[in-house]
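Residue-level structural notes
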Amino acid sequence: MPSRGAEARDAAMLLVFGLRPRLRPENEPDYKALLERFRVDAEFRAVVESIADGLGLLILGAGPFGLALGPQEGSVFALKLADYKSNLSVEDRLLHGLVHLAIAAYCYPTAVSLDDEAAVQRVSVLSLERYLRDACERLSRRFGDADPRDDQPELEQAWRIYHRRNATRDTGDGRRSPKSTQGIIGYALEVLTEQGFLRRVSEAEGGLFQALARYRIQVRELAAHEGYRVLVGAGRPEGREPVAAGGAGRPQAASAPVAEANGNIPDPHDPVGAVPS
């Protein structure tokens, strides 16, 4: 039996592996062994959970993809807005937050999809632009097309701003403008790829990405968010049931870093509880 000090060291090592979301256990024998120990050894799992809690981390899940972690509210591990993208205007911050909600809603529009470990979910820049543009059109028809007001809930401000923002802008060199909605979507998808939540598949449709298991687990923590549910409802094809208000049938982490269901949208730097690598 390992000494208490050795067990704490091993627990800390597993958390270090988990903080590197692009690392895969099959490529790291020590990571794979510690992950299996976490799964079968209740005492070791308790040590890992205690150290994680002391560090301000949430353990969201564990599997062949590795150890999925998220920051508690106020954690030093939470990605800062300046680390996500510097010099964002208020409007652009709202749009980036809306896009992250839309990626989650597009990839996992139902409780069944959140529970399906075998399903392959893919999203492209152009498909998400169409999806979000259509959702904004539906919301506009439902609530009217008035200019956004400062006293409106952030989600309502965001979709109204998106509805008015051009999908593309001429940059003169053929690149996507970072101010266009396609530019914002492309940036958000690249950030999620860098964080180990998505994998780039091809350049089709402006960039095609596949959602990884770690992202599905993170989105489960977002399923109770009002903005996520609004987009699922506004953007889903006919016949697809949205995620229920309680999420996908799993308890929410008590301090999961997502806003309450009050019409606000999460900051784009922490769309689904991401931990920087």
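Refer to the structure presented above.
Let me sum up the structure you'll find in this document. No experiment lies behind these values; they were computed from the predicted model shown. Numbering of residues starts from 1 in every chain and runs along the sequence as written. Reporting in this predicted model follows two pLDDT cut-offs: at least 70 for local features of residues, and 80 or more for side-chain atom pairs to be given and counted; totals over whole chains, interfaces and linings ignore these cut-offs and use all residues. Side-chain measures here rest on the full set of heavy atoms in the structure, leaving out hydrogens and waters.

1. Looking at the overall build of the chain
Numbered from the N terminus, helices here are DSSP runs of H or I no shorter than four residues, and strands are runs of E no shorter than two. What the chain contains, in helices and strands, is 11 helices and 5 strands. Exposure categories follow from relative accessible area, calculated using a 1.4 Å probe and restricted to protein chains: below 20% of the type maximum is buried, above 50% is exposed, and the middle band is partly exposed. For the chain, the residues scored as buried account for 50% of the 277 residues in total. In this description, contact between two residues means that some pair of their heavy atoms is separated by no more than 4.5 Å. Expressed as a percentage of contacts within the chain between residues at least 6 apart in sequence, the contacts between residues at least 24 apart total 66%. Per-residue accessibility takes into account occlusion by the displayed protein chains alone, with areas from the Shrake-Rupley method and a 1.4 Å probe. When the accessible surface of the chain is totalled, it reaches about 13100 Å², and 50% of it is carbon and sulfur.

2. Overview of helix 9 (residues 181–194)
When the terminal C-alpha atoms of helix 9 are compared, their 20 Å separation across 14 residues agrees well with the 20 Å that a helix rising 1.5 Å per residue should span. Of all 14 residues in helix 9, 11 are buried; the element is thus mostly enclosed. Positive phi shows up at G196, right after helix 9, with a value of about 85°. Helix span, as expected, comes to 1.5 Å for every residue beyond the first.

3. Some thoughts on the side chain of Q121
In this fold, Q121 is placed in the loop between helix 6 (111–115) and strand 3 (122–124). Judged by its relative accessible area of 18%, Q121 is buried. Contact partners of Q121, with chain neighbours within four places excluded, come to C107, Y108, S113, F209, Q210 and A211.

4. Examining the packing of helix 1 (residues 4–18) against helix 2 (residues 29–40)
Every axis corresponds to a line fitted to the C-alpha atoms, with the helix fit spanning only the stretch in contact, and the corresponding angles, defined between N-to-C directions, vary from 0 to 180 degrees. Put simply, helix 1 and helix 2 touch, their axes get as near as 10 Å, and they point 115° apart. Compared by their axis directions, helix 1 and helix 2 come out roughly perpendicular. Note that helix 1 runs across helix 2; the crossing there is left-handed. For the pair formed by helix 1 and helix 2, the contact residues are E7, D10, M13, L14, F17 and G18 on the first element and D30, Y31, L34, L35, R37 and F38 on the second. Of the residues assigned to the contact of helix 1 with helix 2, the class counts are 7 nonpolar, 1 polar and 4 charged. Every angle not falling under 35 degrees, over 145, or within 65 to 115 is termed oblique; those three ranges are roughly parallel, roughly antiparallel and roughly perpendicular. Each helix crossing is assigned a hand: it is left-handed if the near helix lies turned anticlockwise from the far helix by less than a right angle, otherwise right-handed if that turn is clockwise. Here the nonpolar group is Ala, Val, Leu, Ile, Met, Phe, Trp, Tyr, Cys and Pro; Asp, Glu, Lys and Arg are the charged ones; every other residue, Gly included, is treated as polar.

5. Describing the pattern of salt bridges
Here the idea is simple: oppositely charged side chains can pair when their charged atoms come close. One side-chain nitrogen of Lys or Arg within 4 Å of one carboxyl oxygen of Asp or Glu is enough to make a salt bridge. Under the definition given, this model contains 14 salt bridges. With a shortest N-O distance of 2.8 Å, E129 and R133 are connected by a salt bridge. One end of the pair, E129, and the other, R133, are both in helix 7 (residues 125–143), 4 residues apart, so they sit about a helical turn from each other. For the residue pair E129 and R133, the accessibility class agrees, reading buried in each case.

6. Comments concerning the side chain of H163
Among the secondary structure elements, H163 is positioned in helix 8 (residues 154–164). Setting aside residues no more than four positions away along its own chain, H163 makes contact with R133, C136, E137, S140 and D145.

7. Some details on the nonpolar core
Residues grouped as a nonpolar core are buried Ala, Val, Leu, Ile, Met, Phe, Trp, Tyr and Cys residues, joined through side-chain atoms within 4.5 Å. Within the largest apolar cluster, 43 residues are counted, with the highest numbers of intra-cluster contacts made by V99, I103, Y215 and Y228. Elements that contribute at least two residues to this core include exactly helix 5 (90–107), helix 7, helix 8, helix 9, strand 5 (208–211), helix 10 (213–220) and helix 11 (226–235). For this core, the element with the most residues is helix 5, which contributes 10 residues. Among the nonpolar cores identified, the runner-up in size contains 16 residues, and F17, Y31, L35 and L67 belong to it.

8. Brief notes about the packing of aromatic side chains
Pairs were defined over the aromatic rings of Phe, Tyr and Trp, the Trp ring being its six-membered one, requiring ring centres within 6.5 Å. Orientation was assigned from the angle between planes: stacked under 30 degrees, edge-to-face over 60, tilted for the rest. In the structure shown here, the tally under the stated rule is 5 aromatic pairs. Aromatic side chains Y84 and Y187 sit 5.4 Å apart centroid to centroid with 80° between the ring planes, which places their arrangement in the edge-to-face category. In this pair, Y84 is assigned in helix 4 (residues 81–84) and Y187 in helix 9, connecting sequence segments 103 residues apart. Accessibility expressed as a relative area gives 2% for Y84, which makes it buried. Its relative accessible area of 28% is what places Y187 among the partly exposed residues. When the centroid spacing of 6.2 Å and the interplanar angle of 45° are considered together, the rings of Y108 and Y215 count as tilted. In this pair, Y108 sits in the loop between helix 5 and helix 6 while Y215 sits in helix 10, placing the two residues 107 residues apart along the sequence. Taking the relative accessible area as the measure of exposure, Y108 reaches 3% and is therefore buried. You can call Y215 buried: its relative accessible area is 0%. Counting every residue linked through ring pairs, the aromatic cluster contains Y108, F197 and Y215. Both a distance and an angle decide whether a charge sits over a ring: NZ of Lys or CZ of Arg must be within 6 Å of the ring centre and within 35 degrees of the ring normal. Across from the ring centre of F44, 4.0 Å away, lies the NZ or CZ of R37, which sits over that ring.

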